[in-house]
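Remarks on the overall topology
Residue-level listing of the chains:
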Amino acid sequence: MNKIKAFLRKVFSVPHVTFPTVNLSLGNIGHKIATMLLWTPRKIGWVLRKIMYGITATPGKVAKSPVQLYRKSKKWRDWILEKIDYLEAESAKWKRTFQILKSPYSLLLKMGFSPQYAIGLIAVGSTAATGAVAAEAMKPPSFAAGDPGIYNAPLDSPIFSAKEFNTLRLDLGTTPIGLVEISDITVGTAYANSALPSGETKPVIVGGLPTVADPAFAETFLEVGHMTVDRWRCDTLTLTNIEAHELIVRDNASDGQSISAVAGTPRDRGISGGNRAEDMLTSGGYYDQVKITAATTNVNGKIDRLILSNLYTKGGACVLDRIKAGTLEVILNEVGLGNGFATKEFTIATSVIYKNFTNEDNVEVSITTAPAVSGPS
């Protein structure tokens, strides 16, 4: 066996191959050519296998590379988005915290304290704190802050306000408004030591105005794309002189009800107007009366979306009158004076006209007048 190996080594050993009869002037070139010619079949097969493997593996690598790249990029993307979401959430929390710390005066007013008591509570002898509170208290009144006054929409500052004037009144004119939202307020005599304005009998009035004794004043309407009246507490709730393409009256409880709306052909509507006014929103507050009216003769007020939610009232009727709406929702309200079902505290008059009417789960139950709650300190 050893002899055979020695023989093969002599035969196939490249370094021992020489060309004695050929004298090439190119030096090592001949040696390299000889080496190439005398490669063993095994080495040639190895080279061919590598070549074939590369040829067959290339399509698979090319096909898999986008998928692998996508999976890796997806992991990085998800990691980055998780960090961004976390930072946004933390940023919002810190922003809210600093706003509360910066404006304790507004926070205490929303909690029901009087301006004087709020200033005294926060100051606690600190000159810096007293100055900050005083600066905030000196800010002009605004609708967004829930300050009483008479506002000409879409202005956020009132055209009239006074210390003794506690009505929230919004007068609509020629400028349409995209959204008006008033929520979480106490009105009329529903809080301690409160009273309706002199000569008034209704804590809430929403709608246009009738023709009055002045012959120069023409009747007006409130035009609304979508109006929602929900979670009111009223002694009585009355709907009159209304046209609604879609009238939804649902889940209301009252100490006597009369729903007598009449079918008709009111058109659907939405309020456009191009460059509409900015949205007007306010939440929280105590008022002797709330009014949303079209107070200019022969000019209808226009709101695309009107939301009046969670109004706690006492002292008279809540009135919706002279309204033209695409959709009017009256839902989840409680109405009553506790005087029995014979008198109808929740009334939808025959002057209310609808194209489509949903009348569901409106029940008569014994409901007394709303108990007064504690007001501003």
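Right, let's walk through the structure included here. Please read these numbers as outputs of a predicted model, since none were measured by experiment.

Scoring rules and cut-offs
Residues numbered from 1 in each chain as written. Predicted model: local features only at pLDDT ≥ 70, side-chain atom pairs only at ≥ 80, totals over all residues. Heavy atoms only, no water. Helix = DSSP H or I, 4+ residues; strand = E, 2+ residues; numbered from the N terminus. Buried < 20%, exposed > 50% of the residue type's maximum accessible area, 1.4 Å probe, protein only. Contact = heavy atoms within 4.5 Å. Disulfide = S-S within 2.5 Å. Salt bridge = Lys/Arg side-chain N within 4 Å of Asp/Glu carboxyl O. Core = buried A, V, L, I, M, F, W, Y, C linked by side-chain atoms within 4.5 Å. Polar contact = N/O pair within 3.5 Å; in protein donor to acceptor, adjacent residues only side chain to side chain. Pairing = 2+ DSSP bridges. Phe/Tyr/Trp six-rings, centres within 6.5 Å; stacked < 30°, edge-to-face > 60°. Lys NZ or Arg CZ within 6 Å of the ring centre and 35° of its normal. Patch = residues over 30% accessible without salt bridge, like charges linked within 9 Å, V, L, I, M, F, W, Y side chains within 5 Å. Areas by Shrake-Rupley, 256 points an atom, 1.4 Å probe, with all protein chains shown as cover.

Tallying secondary structure elements over the protein gives six helices and 18 strands in all. Among the 377 residues that make up the protein, the fraction classed as buried is 36%. Look at the contacts in the protein between residues 6 or more apart in sequence, and 83% of them connect residues 24 or more apart.

Turning next to the state of the cysteines. Scanning the entire structure with this criterion turns up one disulfide. Between the sulfur atoms of Cys 234 and its disulfide mate Cys 318 the distance is 2.4 Å. For the disulfide bridge between Cys 234 and Cys 318, the dihedral angle about the S-S bond is near -100°, and by the sign convention the bridge is left-handed. Here Cys 234 is found in strand β6 (residues 233–234), whereas its partner Cys 318 is found in strand β14 (residues 317–331), with 84 residues between them in sequence. In this structure Cys 234 comes out as buried when scored by relative accessible area, which is 2%.

Applying the stated rule across the entire model yields ten salt bridges. Arg 77 serves as the salt-bridge partner of Asp 78, at 2.8 Å between the closest nitrogen and oxygen. For Arg 77, a relative accessible area of 41% gives the class partly exposed. We note a salt bridge from Glu 364 to Lys 344, for which the minimum N-O separation is 3.5 Å. Of the two residues, Glu 364 sits in strand β18 (residues 363–364) while Lys 344 sits in the loop between β15 (334–335) and β16 (346–348), which places them 20 residues apart along the sequence. Among the charged side chains, a network of salt bridges with common partners joins Glu 219, Asp 321 and Arg 322.

Quick look at the nonpolar core now. Residues Met 227, Trp 232, Leu 239 and Leu 306 are the most contacted members of the largest nonpolar core, which totals 46 residues. Those residues in contact with Leu 239, other than ones at most four positions away along the chain, are Leu 320, Leu 328, Val 330, Phe 346, Thr 347, Ile 348, Ala 349 and Val 352.

Moving on, we come to the side chain of Thr 240. Structurally, Thr 240 is set in strand β7 (residues 236–250). Here Asp 321 takes part through its side chain, which lies 2.6 Å from a polar atom of the side chain of Thr 240. In this structure Thr 240 touches Leu 320, Asp 321, Arg 322, Ala 349, Ser 351 and Val 352, once residues within four positions along its chain are discounted.

Attention shifts here to the pairing of strand β2 (residues 167–171). The buried fraction of β2 amounts to four of the five residues, a majority that puts the element mostly inside the structure. Summarising the sheet, strand β1 (residues 149–152) and β2 pair through four bridges and their orientation is parallel. The residue bridging Ile 150 from the neighbouring strand is Arg 169, located in β2. Of the pairings in the sheet, the one linking β2 to strand β12 (residues 289–293) comprises five bridges and is parallel in character. Note on β12: the bridge partner recorded for Arg 169 is Lys 291.

Among the secondary structure elements, Asp 171 is positioned in strand β2. On the accessibility criterion, Asp 171 (8% relative accessible area) is buried.

We now examine the environment of Met 280. Assignment of secondary structure puts Met 280 in strand β11 (residues 280–287). In this structure, the C-alpha to C-alpha distance between Met 280 and Ala 144, residues 136 residues apart in sequence, is 6.8 Å. Discounting residues that sit within four places of it in the chain, Met 280 has contacts with Phe 143, Ala 153, Pro 154, Leu 155, Leu 170, Ile 177, Leu 179, Val 180 and Glu 181.

Further remarks concern the packing of aromatic side chains. Evaluated as defined, the whole model comprises four aromatic pairs. When the ring of Phe 160 is compared with that of Phe 165, the centres are 5.2 Å apart and the planes differ by 80°; the resulting orientation is edge-to-face. When its relative accessible area of 39% is taken as the criterion, Phe 160 is described as partly exposed. The ring of Phe 221 is capped by Lys 324, whose NZ or CZ atom sits 4.7 Å from the centre of that ring.

It is worth spelling out a nonpolar patch on the surface at this point. Together, Trp 76, Trp 79, Ile 80, Leu 81 and Ile 84 make up an exposed nonpolar region whose accessible area comes to about 540 Å². Within the secondary structure, Leu 81 sits in helix α3 (residues 41–102).

The step from Ala 153 to Pro 154 runs through a cis peptide bond, and the omega angle for that step is 10°. Examined against the element boundaries, Pro 154 turns out to sit in the loop between β1 and β2. Despite not being glycine, Asn 241 has its phi angle at roughly 50°, a positive value. Relative to the assigned elements, Asn 241 resides in strand β7. When its relative accessible area of 32% is taken as the criterion, Asn 241 is described as partly exposed. Unlike most non-glycine residues, Asp 361 shows phi in positive territory, near 55°. As for its placement among the helices and strands, Asp 361 is situated in the loop between β17 (352–360) and β18. Residue Asp 361 is classed as exposed on the basis of its relative accessible area, which comes to 56%.

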